Amino acid sequence: MKYLVTGSHGKLGAELCPLIPCVTPTHAEMDILNPDAVERFVSREDINAVVHLAAITSRAAAEKDKLQSYRVNVQGTRTIATVAARHQKKVIYISTEIVFPGSEGNYREDDTPSPKDWYGFTKLAGEFEVQTATDDHLIIRTTFRPKTWEFPTAFTNVVTVGDYVDIIAKEIALCLTINPVGIIHIGTPKKTFFELAKRRKPDIQEELFPDNTFLRRDLNIEKWEMLKKESGSHM
């Protein structure tokens, strides 16, 4: 398999692309809002599937410019998915835990999403675009942090199955090898932000999320763990 990777020069793309055979156009070479540019790359005979990473991922930036984030995260995804479907190429779409509100936790693949902000809405709408365009798709919901914890504190009352970007990239690369379809939640065992931060910054200080709110952003990853077990892969 050779993959066309959109957004390959972002944090996740920089970690994922060395792990898989791929083509990595720059934004100048392939703007996902330009159907002709997308067509040129997706139609290449050496491309078997598209890994769609390109997005406005900052929640603040998405909120500040709703129109542009809608164009990129929804219309851009529509372009990628429809062109890929026309050329019978699988679409792997990287989504987020933010499609869920963070109130209950342990969210399963078939739970009903309910995003609380504009970024989450655009990513969920991107999921719908992929599902509408083609049955040959994989939607990966996940989340990741930079390789180093950049803050002096970390929340003890926010729970996640996210991990550092280099760890999540390896999980995604393994998932591409297993090659499932549908929706899957990828992460590592549940932990607080503080527990995650302490792994790479031992002197991290504890902090409480504002108003002492307990956020349960953790996705249920039982399906992913089962797939890895069935494939004989252990990470």
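Structure: see above.
Below or above, wherever it landed, is the structure these notes cover. (Residues numbered from 1 in each chain as written. Predicted model: local features only at pLDDT ≥ 70, side-chain atom pairs only at ≥ 80, totals over all residues. Heavy atoms only, no water.)

Brief notes about the layout of surface pockets
Roughly 830 Å³ of volume is contained in the largest pocket. Surrounding the largest pocket, 30 residues form its lining, T57, S58, Y119, T143 and F144 being those nearest its centre. Elements supplying a minimum of two residues to the lining of the largest pocket: α1 (11-16), α3 (59-64), β4 (90-96), α5 (118-133), β6 (144-145) and α7 (193-200). Considering only residue class, the lining of the largest pocket consists of 12 nonpolar, 11 polar and 7 charged. (1 Å grid on protein atoms, 1.4 Å probe; cavity = no way out; pocket = protein on both sides within 12 Å on 5 of 7 lines; lining within 4 Å. Points joined across faces, edges and corners; volume = space filled by probe spheres on them. Helix = DSSP H or I, 4+ residues; strand = E, 2+ residues; numbered from the N terminus. Nonpolar A, V, L, I, M, F, W, Y, C, P; charged D, E, K, R; others polar.)

Points about the sheet that holds strand β13 (residues 215-216)
In spatial order, the strands read β11-β8-β13; together these 3 strands make up an open sheet with mixed pairing. Of all strands in the sheet, those bounded by a partner on one side alone are β11 (191-192) and β13. In terms of strand pairing, strand β8 (residues 158-160) meets β11 through 2 bridges, oriented antiparallel. Residue pairing in the sheet places V159 in a bridge with T192 of β11. (Pairing = 2+ DSSP bridges.)

Comments concerning the pairing of β4
Regular strands place side chains that alternate from one sheet face to the opposite one. Most of β4 is tucked away, with 7 of its 7 residues classed as buried. By the alternation rule, side chains of β4 split into K90, I92, I94 and T96 and V91, Y93 and S95, which are all buried. Direction of pairing for strand β3 (residues 49-52) relative to β4: parallel, over a ladder of 4 bridges. The residue bridging V51 from the neighbouring strand is I92, located in β4. Judged from the 6 bridges that link them, β4 and strand β5 (residues 137-142) form a sheet pairing that is parallel. Across the sheet, residue I92 finds its bridge partner in β5, namely L138. A crossover connection joins β4 to the parallel β5 through α5; in handedness this β-α-β unit is right-handed. (Buried < 20%, exposed > 50% of the residue type's maximum accessible area, 1.4 Å probe, protein only. Right-handed = clockwise from strand over helix to strand, strands pointing away.)

Concerning the pattern of salt bridges
Applying the stated criterion across every chain, the model contains 14 salt bridges. E127 is the salt-bridge partner of R141, the closest N and O atoms lying 2.9 Å from each other. A residue pair is termed long-range when its members are at least 10 positions apart, and R141 in strand β5 and E127 in helix α5 qualify at 14 residues. Assigned by exposure class, R141 and E127 land together as buried. Among the salt bridges present, the one from D163 reaches R199, with a minimum N-O distance of 2.6 Å. Of this pair, D163 sits in strand β9 (residues 163-164) while R199 sits in helix α7, placing them 36 residues apart in sequence. Judged by relative accessible area, D163 falls into the buried class, the value being 2%. If you follow the salt bridges from partner to partner, you end up with K2, R44 and D46 in one network. (Salt bridge = Lys/Arg side-chain N within 4 Å of Asp/Glu carboxyl O.)

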